[in-house]
Amino acid sequence: QVQLVESGGGLVQSGGSLGLSCAASGSFFSIDLMGWYRQGPGKPRELVATITSTGSTNYADSVKGRFTISRDNAKNTMYLQMNNLKPEDSAVYYCNAITTHLVNPRTRVYWGQGTQVTVTS
């Protein structure tokens, strides 16, 4: 079993910055793709950014140039630095991880509990 714990959400004014962290713990062989997703009120969950174990990144068009995803493989932790935040960035942000295990099922998907980000205008 793998646990993902997010931290760092909160309330910020438009144009401000926030940083999120996601720490993974538990039993796994490796953590492969990690990502941040978000879900605003009445909206479906959407991709924000992903990062592979080798550091390749992918961003939603809406956050390109403003958000930066990174990870520390030694600490099994992923980060999201959010700059120039806008009210439309307000959502619950979820951490996601795809892990590899030595026993079946070898590939598993885990989600964190979510952390609220609120941007006021």
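Okay, so let's go over this structure. Predicted model, so just to flag it, every value in this text is computed and none were measured.

Cut-offs applied
- Residues numbered from 1 in each chain as written.
- Predicted model: local features only at pLDDT ≥ 70, side-chain atom pairs only at ≥ 80, totals over all residues.
- Heavy atoms only, no water.
- Phe/Tyr/Trp six-rings, centres within 6.5 Å; stacked < 30°, edge-to-face > 60°.
- Helix = DSSP H or I, 4+ residues; strand = E, 2+ residues; numbered from the N terminus.
- Buried < 20%, exposed > 50% of the residue type's maximum accessible area, 1.4 Å probe, protein only.
- Lys NZ or Arg CZ within 6 Å of the ring centre and 35° of its normal.
- Contact = heavy atoms within 4.5 Å.
- Salt bridge = Lys/Arg side-chain N within 4 Å of Asp/Glu carboxyl O.
- Disulfide = S-S within 2.5 Å.

1. Some details on the packing of aromatic side chains
Overall, the coordinates contain one aromatic pair when judged by the stated rule. When the ring of Tyr37 is compared with that of Trp111, the centres are 5.0 Å apart and the planes differ by 65°; the resulting orientation is edge-to-face. A residue pair is termed long-range when its members are at least 10 positions apart, and Tyr37 in strand S4 (residues 30-39) and Trp111 in strand S10 (residues 107-111) qualify at 74 residues. Since its relative accessible area comes to 21%, Tyr37 is described here as partly exposed. Between Arg45 and the ring centre of Tyr94, over which it is positioned, the NZ or CZ distance is 3.7 Å.

2. Considerations on the environment of Gly40
With respect to the element layout, Gly40 can be found in the loop between S4 and strand S5 (46-51). The exposure class assigned to Gly40 is buried, which follows from its relative accessible area of 14%. Spatially, the C-alpha atoms of Gly40 and Glu88 are 8.4 Å apart, while their sequence positions differ by 48 residues. Sequence-distant contacts of Gly40, that is, excluding residues within four places in its chain, are made with Ser90 and Ala91.

3. A closer look at the pattern of salt bridges
In a structure, side chains of opposite charge can pair up when their charged atoms sit close to one another. Taken as a whole, this structure holds four salt bridges when the rule is applied. Between Asp89 and Arg38 there is a salt bridge, with its nearest N and O atoms 2.9 Å apart. With a gap of 51 residues between them, Asp89 in the loop between strand S8 (77-82) and strand S9 (91-100) and Arg38 in strand S4 connect regions that are remote in the sequence. Each of the two residues, Asp89 as well as Arg38, counts as buried. Asp89 serves as the salt-bridge partner of Arg66, at 2.7 Å between the closest nitrogen and oxygen. Taken as a pair, Arg66 in the loop between strand S6 (57-59) and strand S7 (67-72) and Asp89 in the loop between S8 and S9 lie far apart in primary sequence, 23 residues in all.

4. Focus on the state of the cysteines
In a disulfide, the sulfur atoms of two cysteines are covalently bonded to one another. For the coordinates displayed, the defined rule picks out one disulfide. The residue that forms a disulfide with Cys22 is Cys95, at a sulfur-sulfur distance of 1.9 Å. In this structure, the disulfide formed by Cys22 and Cys95 twists by about -65° around the S-S bond and is classed as left-handed. Highlighted residues: Cys22 in strand S3 (residues 18-26) and Cys95 in strand S9, separated in sequence by 73 residues. Overall, the relative accessible area of 0% leaves Cys22 in the buried class.

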